[in-house]
There are 2 protein chains.
Amino acid sequence: MDTLETRELRYFVAVAEELHFGRAAERLGMAQPPLSRAIQQLERRLGVTLLDRDRRGVALTAAGEVLLREARAALDATTAAARRTRRAARSGERLVLATKAGASHELLRDLLDAYAAEPEAAEVEVLMCGIGEQARLLRDGRADVALVHRPFDDLSGFDTEDLLTEGQVAVLPAGHPYATRGSLSMAEAADVPGLPIARWPRLDGTYPPGPGPEVKDQAQMAQLVALGLALIVIPASAYAWLWAEHAAVPVSDAPAVTTTLAWPAHSRSLPLARLVGVATRL
Amino acid sequence: MDTLETRELRYFVAVAEELHFGRAAERLGMAQPPLSRAIQQLERRLGVTLLDRDRRGVALTAAGEVLLREARAALDATTAAARRTRRAARSGERLVLATKAGASHELLRDLLDAYAAEPEAAEVEVLMCGIGEQARLLRDGRADVALVHRPFDDLSGFDTEDLLTEGQVAVLPAGHPYATRGSLSMAEAADVPGLPIARWPRLDGTYPPGPGPEVKDQAQMAQLVALGLALIVIPASAYAWLWAEHAAVPVSDAPAVTTTLAWPAHSRSLPLARLVGVATRL
DNA sequence: GCGCTGTCATACCCGGCAGGTATCACAAAG
DNA sequence: CTTTGTGATACCTGCCGGGTATGACAGCGC
């Protein structure tokens, strides 16, 4: 019952993702034959067929799907081990906080200020990342803690602390007739003539269907709205990046958004514990 | 930024746990010199000192502590990958459910019955384990899902579904004067003359202080109570294993215990999803 | 102080296996 | 039937993981 080596897992993930031995080998910086052999060995050692080689193409078996998912998690865990160990050794202690660019401005500012006021506060590095990337950064050790937003982000596997629940607002071009309304319903927001709701990616990177333009960060949204090409519905705290050409109107029936602090479940870092403590008292 | 091999992690964990290269090498089934060399290489590659070799003994540095924790998690993840892959390939699908021996009898029976009644139900193997072992079994892939009890078990890192919340009862020898009482308070239970409360291990394996005997499973508890040497306070559903020599009295102010279904956060197994679905409808 | 013992590090050797190159086998396309 | 693209096979080589023997050094008993 020998244990799998990370090398084998890396190879398998490459092949499973490319579904092509040649390209996978290239990505791994090696030749194709040893890669084929390594995968065969892996299959023999597990006693399981992972790939259906069907001349002209490779497909994952059910067991292969399982291994792909598990192997990714295991690889993330090992790289996280290396990263966190290196970080623990360097420069005393230091926290890396991942957050979506532009979101929860005031909350983040207050949190950092309050934490910095603590005696023995560690240095906090803020890592701005794209939508939905926080979980990945936490899992592979690039971040120690993250500000995430329910129900948008995937929190499974983390410890969390809710910080703030808030409604959402519709952001419109400043001169638009609806900009002076006191509030809107989702139905109204979805049906503004000439202003489709912009779509942003879901957890898996795909976009929901709809007429609006696809965007991938707040800067794109801001510009599209300022240009009068779309409207967007966002948490009220994302307000901070509003331009002069924007107006915000509360959306009465949009789902509430909770800003949450999340960190790896097994973390025992003292500075992190202190940051969480500060956050709860905010 | 090369990635760590599981072999290195295994070696490091052995040394970190033994704090002795010789014993660690023996445990790993190898000679001591190559182990020393491997650890040195690991330290060089990470650019971090993990161990303070201080003639006569080895001690972990702060970075070493971090790596020990992270390495254990990573190793669990890789062995889980192997186990789950093998299991996915064998015998169609099959679920392994871990539970504390003797706890939540009726609930477990109902759950298994309801699940078995489903069309396309997978085979469920019930794995009885000791107190607090469920989390480990889930983490290293020996189990797919577990029945755990809040606030006793460590649920960090898992998805969960609460099934049942209940009070606790004091279990006494059948003939004891208090056995006929309608209810007790914690203060009263803690102060029964000649009957100290038995202590069971906490998450880390240590015992809380107190006058009562230390026990490690329900059979020991049962016997101690039947012998008139101790009383215990347990969730009402653990009732099922009561002997004729026992009597149970509700404890009015004991913290409520919730029986919870827990599973690895990233699991995507269809039979598991079905089991969770059945559980929520229970 | 002088061995003795227990500990980790060093020196050196060897065999297996990861990786490379060349080639094969085969299926689909034309 | 050739061409093209694919993964598998055959075979070689060098590196590195592992073994043995030994060194360096701290504490201990006398």
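Per an unreviewed UniProt entry, the recorded name for chain A is LysR family transcriptional regulator, and the organism is Nonomuraea fuscirosea. The UniProt entry for chain A carries this comment under Sequence similarities (unreviewed entry): "Belongs to the LysR transcriptional regulatory family."

Enquirer: Where do I start with the protein's contact with DNA strand D in this structure?
Expert: Around DNA strand D there are 20 residues in total, and A:Gln40, A:Arg53, B:Tyr11, B:Ala31 and B:Arg37 lie nearest to it. Near the protein, within 4 Å, the atoms of DNA strand D are sugar or phosphate in 69% of cases. Contacts to DNA strand D include A:Gln32, whose side-chain N or O atom sits 3.0 Å from a base nitrogen. At a separation of 2.9 Å, a phosphate oxygen of DNA strand D approaches a polar side-chain atom of B:Tyr11. Of all the secondary-structure elements, those providing two or more residues to the surface near DNA strand D are helix H2 (21-28) and helix H3 (32-46) of chain A together with helix H1 (6-18) and helix H3 (32-46) of chain B. The greatest single-element share of the surface near DNA strand D, amounting to five residues, is contributed by H3(A).

Enquirer: Please clarify how the interface of chain A and chain B should be interpreted in this entry.
Expert: Frequently, the measure chosen for interface size is the accessible area that the parts lose on association. On the chain B side, the residues contacting the 40 residues of chain A number 40 residues. Interface area, chain A with chain B, both sides summed: about 3,400 Å², of which 63% is carbon and sulfur. Between the two partners, chain A and chain B, sit four salt bridges. As a salt-bridge pair, A:Arg84 and B:Glu70 come within 3.3 Å of each other at their nearest N and O atoms. At the surface where chain A touches chain B, the tally comes to 14 residue pairs in polar contact (both at pLDDT 80 or more). Listing elements by their share of the side of chain A that touches chain B, those giving two or more residues are helix H1 (6-18), H3 and helix H4 (62-89) of chain A. It is H4(A) that contributes the most residues to the side of chain A that touches chain B, 18 residues altogether. Of the residues assigned to the side of chain A that touches chain B, the class counts are 19 nonpolar, nine polar and twelve charged.

Criteria and thresholds
- Numbering of residues starts from 1 in each chain and follows the order in which that chain's sequence is written.
- A letter from A marks each chain and a number from 1 marks each ligand, given out in the order of writing.
- Where totals are concerned, whole chains, interfaces and linings use all residues; where local detail is concerned, this predicted model gives features only for residues with pLDDT of at least 70, and gives and counts side-chain atom pairs only at 80 or more.
- With hydrogens and water set aside, each side-chain value is computed from the structure's full complement of heavy atoms.
- UniProt positions are given in the numbering used here, feature names are shortened, and annotations may be inferred rather than shown by experiment.
- The cutoff for a nearby residue is simple: one of its non-hydrogen atoms must lie within 4 Å of the molecule or strand.
- Here a polar contact is taken to be a pair of N or O atoms separated by no more than 3.5 Å, where protein atoms must pair a possible hydrogen donor with a possible acceptor and residues adjacent in sequence count only if both atoms sit in side chains.
- Counting from the N terminus, the helices are DSSP H or I runs at least four residues long and the strands are E runs at least two residues long.
- The contact definition used throughout considers only heavy atoms, calling two residues in contact when any of these lie within 4.5 Å.
- When two parts are put together, the accessible area they lose, computed with a 1.4 Å probe and summed over both, is reported as buried area.
- The term salt bridge refers to a pairing of a side-chain nitrogen on Lys or Arg with a carboxyl oxygen on Asp or Glu at a separation within 4 Å.
- Under the scheme applied here, ten amino acids are nonpolar (Ala, Val, Leu, Ile, Met, Phe, Trp, Tyr, Cys and Pro), four are charged (Asp, Glu, Lys and Arg), and all others, including Gly, are polar.

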